[in-house]
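# Observations on the model geometry
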Amino acid sequence: MIGFLIQRILQALLVIVAMSVIVFLGVYAIGNPIDVMIDPASDQALREALIHRYGLDLPLIQQYFVFMNNMLHGDLGESFIYRLPVLSLIFSRFPATLELALCAMLIATCLGIPLGLWAGYKPDALSSKAIMAFSVLGFSVPTFWVGLLLIMTFAVELGWLPSGGRGPTANVLGMNLSVTSLEGLSYIILPALNLALFKLGLLIRLTRAGTVEVMSSDYVRFARAQGLSEGKVVGLHVLKNISIPIVTVFGLELGSTLAFAVVTETVFNWPGMGKLIIDSITVLDRPVMVAYLILVVFLFVLINLAVDLIYGQLDPRIRVKASS
Amino acid sequence: MSEAVLSVQDLRTQFKTRTGMLNAVDGVSFEVGRGRILGLVGESGSGKSVTGYSILGLIEPPGLIAGGEVLLNGRDITRLKGDELRRVRGAQIAMVFQDPMMTLNPVLKIGTQMIAAVRAHDRVSRRTAWERARDALAKVGIPSPEERLDAYPHQLSGGMRQRVAIAIALLHRPAVIIADEPTTALDVSIQGQILAEVRRLADETGTAFVWVTHDLAVVSSLADDICVMYAGRIVETGAAADVIASPRHPYTAGLLASVPAEHEPGERLPQVPGSTPSLSDLPPGCAFAPRCFKAGPACTTTPPIQKFEDGRTALCHYPIESNSCQPLSSTSTTYRSAS
């Protein structure tokens, strides 16, 4: 187990280093930030001073090593625009995105798995066909359009919920969260639903496919021959067997929701990390972009590590392979 | 035969297909007495496994039981639904499947699966259920059962897994166990051990077995009685020793003649010519007639059930009359000239 963990952590470090090179080169290639930062009319001396100050006159490889060295010391640089350390800038936006993503995943999981189980358990029922039709809509209709539709319906026409923004927040464990109050919840419902829709469709289809496969297996037939109730057959045999693909997709989706909730955050004017990165790209705020992308890589690596560890718990056969 | 614990009467199982209904099991009847082992023999596609599944009501759409009765201790279980059926399955009648690699859930511990099986019928604590599972494993000859309960299926050999499956089937001391080719996937030596174990269990517990197999060698060493199936019908019944010594139905004779052990090395092995007919395209009358060396003009009509003085039956117009092994050699020469 510990060997497996060390192996995975080394792999993760390798991925992070490789990604840092790619991100650094990619961002370097998209243009000179100095052009954006200063008045084009300013003189050459000022320009050179600024270039020197940010270390942009160094060879690329040296810039990279300076950057890596700083990163290892926990310093990802300072935003060109906000004049703030990048890390604190990103982390100030992180709680908003985190709670939005978690709410969306919660909705998708709590609805998607039961609906998928039902659709797989009774594949010929009318209700199952309706669920499957809904799931196709879920991941084929564009997110921004559904977001606008939700705002039109629930905020504008019915006036039940606010149309955007984040509402009041409370400080929990050093993070500003809005899910702790009813009013805060009313702000998060629509964007969370919007964000959940795609994942909901995905989880329904995934759960259904797994259920159909497991239901026709010999061990389910054997379990029925033993006189196990249908509840036990589904709850014990089916759920455990379909959980591996579900955990995989859950992990990937959680990562991508945290990193790229951009569209929903824009539509609902939600002050999360997605909006931050979009704004930074528009103004070529290089340190923010680089730091953000590296953090995203780190996040994915972390989630995948967790997923791998959960695999071992779910499927004993994987555990054996890992230890041998 | 003493009074039957399981009596199958005129069982019919059909499968709905695009071309119409297929009769996978077509009027099958047999009885098994307490502690007896019945060998249900046939080639692939003869309907023997479907018969087993039908008895437990495990046929799923597009299949359905179209008629007949399955009397378990005198009670027809084909009419049971939902919870009533569930309470019979595993408690009064149990099943062991062909492939021990597939019948245990790979991600659940043996103990978890056995405890669930115990508690499906008896309201007992987990501790009691665990103890009963342990005792059941010990009873089928599994060494250190406590450790096995804590293992996952992939940590056990095929033979061990099949023993676990048999232990699960025996948990509630059912009156009948249907075993669907349970030793086919195992080594011959393991198969021998399991057959001996099953014989002992049938004698000790009084559980009746219906042993579905294509393997006549297994049946001859294990079963008390034999039913031979062909194309969804039972074509011959009788005491195992009698049927094997002197088959009455030409199909049984053909099956016996093609057992390799009966022949000298190098000798050409006789075969039943042709192959199992498709259920959607059965000839009128006797389904075996096109492959039969004794077929005559009457075979285009449905054959009668011929009864013999020793309690045996054959579904045939021209059953083999002789009691000696004479027909066997004559059949093999016939096949040789036919091929």
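Anything mentioned here points back to the structure above.
Throughout, a residue's number is its position along its own chain's written sequence, starting from 1. As a convention, the first chain written is A and the first ligand written is 1, with the rest following in written order. Confidence filtering applies because this is a predicted model: local features only for residues at pLDDT of at least 70, side-chain atom pairs given and counted only at 80 or more, and all residues used for totals across whole chains, interfaces and linings. To get the side-chain values, take all heavy atoms of the structure and skip hydrogens and water.

## Section: the overall build of chain B
The criterion, for reference: Helix and strand definitions follow DSSP, with helices as H or I runs of at least four residues and strands as E runs of at least two, each counted in order from the N terminus. We compute the radius of gyration from the C-alpha atoms alone; for a globule the expected value is 2.2 Å times N to the 0.38, where N is the number of residues. The Shrake-Rupley method, run with a 1.4 Å probe, gives the accessible areas here. Residue values count only the displayed protein chains as cover. In summary, the charge assignment counts Lys and Arg as positive and Asp and Glu as negative, without counting His or the chain termini. We put the charge of a Lys on NZ, of an Arg on CZ, of an Asp on CG and of a Glu on CD.
The helix and strand inventory of chain B stands at 12 helices and 12 strands. Here chain B has a C-alpha radius of gyration of 21 Å; the compact-globule value for 339 residues is 20 Å, and the two agree. When its C-alpha atoms are laid out on the principal axes, chain B stretches across 65 × 45 × 40 Å. Total accessible area on chain B stands at roughly 14400 Å², and carbon and sulfur atoms take up 50% of it. Of note, chain B has its 34 positive side-chain charges centred 6 Å away from the centre of its 35 negative side-chain charges.

## Here we look at the environment of Tyr219 of chain A
What counts, and what does not: Contacts between residues were defined by any pair of non-hydrogen atoms, one from each residue, lying within 4.5 Å.
Along the chain, Tyr219 of chain A falls in helix 9 (residues 218–225). Dropping the residues within four chain positions of it, Tyr219 of chain A is found in contact with Val214, His237 and Asn241 of chain A together with Met102, Thr103, Leu104, Asn105 and Pro106 of chain B.

## Looking at the nonpolar core
Put simply, the rule reads: Nonpolar core, defined: a set of buried Ala, Val, Leu, Ile, Met, Phe, Trp, Tyr and Cys residues in which side-chain atoms within 4.5 Å join the residues together. A simple rule labels every residue: compare its accessible area, found with a 1.4 Å probe on the protein chains alone, to the largest value its type can have, and call it buried under 20%, exposed over 50%, or partly exposed in between.
Within the largest apolar cluster, 99 residues are counted, with the highest numbers of intra-cluster contacts made by Leu6, Phe30, Ile93, Met114, Val176 and Val210 of chain B. Per-element accounting of this core gives the leading share, 8 residues, to helix 7 (residues 158–170) of chain B.

## Regarding the pattern of salt bridges
All names here are of chain B. Test applied: Should a side-chain nitrogen of Lys or Arg be within 4 Å of a carboxyl oxygen of Asp or Glu, the pair is scored as a salt bridge.
Within the structure shown, the criterion is met by 23 salt bridges over all chains. With its nearest N and O atoms 3.3 Å apart, the salt bridge here joins Asp26 to Arg233. In this pair, Asp26 is assigned in strand 2 (residues 20–33) and Arg233 in strand 10 (residues 233–239), connecting sequence segments 207 residues apart. Asp26 sits in the buried class, given a relative accessible area of 15%. Residue class for Arg233 comes out partly exposed when judged on its relative accessible area of 24%.

## A short note on the environment of Arg205 of chain A
Residues and elements named next belong to chain A. Structurally, the position occupied by Arg205 is in helix 8 (residues 182–215). The class for Arg205 is partly exposed, based on a relative accessible area of 32%. Taking the C-alpha atoms as reference, Arg205 lies 32 Å from Ile16; in sequence the two are 189 residues apart. Those residues in contact with Arg205, other than ones at most four positions away along the chain, are Met132, Ser135, Val136 and Phe139.

## Describing the sheet that holds strand 2 of chain B
Residues and elements named next belong to chain B. Put simply, the rule is: Should DSSP find at least two bridges between two strands, the strands are taken to pair. Angular values range over 0 to 180 degrees, each being the angle between N-to-C directions of two axes fitted as lines to C-alpha atoms, with helices fitted over their stretch in contact.
Taken in spatial order, the 4 strands make up an open sheet running 2-1-4-5, and their pairing is antiparallel. Here the strands that pair on one side only, and so sit at the sheet edges, are strand 2 and strand 5 (75–76). When strand 1 (residues 4–17) meets strand 2, the two strands line up antiparallel, connected through 11 bridges. Paired with Arg12 across the two strands is Asp26, which belongs to strand 2. Each of strand 1, strand 2 and strand 4 (63–72) is contacted by helix 1 (residues 48–55), which is oriented at about 110 degrees to strand 1, the strand it contacts most.

## Thoughts on the sheet that holds strand 3 (residues 37–41) of chain B
Whenever strands of a sheet pair, they do so through backbone hydrogen bonds, lying parallel or antiparallel. Residues and elements named next belong to chain B. Overall, mixed pairing links the 8 strands, which are arranged 6-7-8-3-9-10-12-11 in an open sheet. Each end of this open sheet is capped by a strand with a single partner; those strands are strand 6 (93–96) and strand 11 (305–307). Ignoring which end each strand starts from, the neighbouring axes of this sheet average 20 degrees apart. Of the strands in this sheet, strand 3 and strand 8 (208–213) are in contact with helix 8 (residues 188–205), which crosses strand 8 at around 150 degrees.

## With respect to the packing of helix 4 (residues 110–119) of chain B against helix 5 (residues 126–139) of chain B
All names here are of chain B. Selection rule: Angles below 35 degrees are treated as roughly parallel, those above 145 as roughly antiparallel, those between 65 and 115 as roughly perpendicular, and all remaining angles as oblique. In this classification, the charged set is Asp, Glu, Lys and Arg, the nonpolar set is Ala, Val, Leu, Ile, Met, Phe, Trp, Tyr, Cys and Pro, and all remaining amino acids, among them Gly, are polar.
It is at 9 Å that the axes of helix 4 and helix 5 come closest, and there the two elements cross at 110 degrees. As judged from the angle between their axes, helix 4 and helix 5 are roughly perpendicular. Note on element contacts: helix 5 touches helix 4 through Arg126, Ala129, Trp130, Arg132, Ala133, Ala136 and Leu137, opposite Met114, Ile115, Val118 and Arg119. Grouping the constituent residues of the contact of helix 4 with helix 5 by class yields 8 nonpolar, no polar and 3 charged.

## Notes on the interface of chain B and chain A
Put simply, the test is: Buried area counts how much accessible surface, traced with a 1.4 Å probe, disappears from two parts once they are put together, with both parts' losses summed. Polar contacts here mean pairs of N or O atoms no more than 3.5 Å apart (in protein, one a potential hydrogen donor and the other a potential acceptor; neighbouring residues in sequence count only if both atoms are side-chain atoms).
Taken together, the contact between chain B and chain A spans 27 residues of the former and 20 residues of the latter. Carbon and sulfur atoms make up 64% of the surface buried where chain B meets chain A, a total of about 2300 Å² over both sides. At the boundary of chain B with chain A, the tally comes to 1 salt bridge. The residue Glu60 of chain B makes a salt bridge to Arg224 of chain A at a minimum N-O spacing of 3.1 Å. The interface formed by chain B and chain A contains 8 residue pairs in polar contact (both at pLDDT 80 or more). Looking at the side of chain B that touches chain A, the elements with two or more residues in it are strand 6, helix 3 (100–103), helix 4 and helix 7 of chain B. The dominant element in the side of chain B that touches chain A, judged by the number of residues it contributes, is helix 4 of chain B, at 4 residues.

## A few points about empty space enclosed by the protein
Note the threshold: Points on a 1 Å grid, built from protein atoms alone, make a cavity when a 1.4 Å probe fits but cannot get out and make a pocket when they are open with protein on both sides within 12 Å along at least 5 of 7 lines; residues with an atom within 4 Å of a point are the lining residues. Grid points are joined across faces, edges and corners, and a volume is the space filled by probe spheres set on the points.
This model, assessed by the stated rule, comprises 6 cavities of 30 Å³ or more. As a volume, the largest cavity reaches approximately 70 Å³. Together, Tyr230, Ala231, Arg233, Val235, His249, Cys286, Ala287, Phe288, Pro303 and Leu315 of chain B line the largest cavity. Taken together, the residues of the lining of the largest cavity sort by class into 8 nonpolar, 1 polar and 1 charged. Surrounding the second largest cavity, Phe222, Ala225 and Gln226 of chain A together with Gly90, Ala94, Met95, Ala117, Ile168, Ala169 and His172 of chain B form its lining. The set of elements that each furnish at least two residues to the lining of the second largest cavity consists of helix 9 of chain A together with strand 6 and helix 7 of chain B. Of the residues belonging to the lining of the second largest cavity, the class tally is 7 nonpolar, 3 polar and no charged.

The quantities given are spatial measurements derived from coordinates; they are silent on function.
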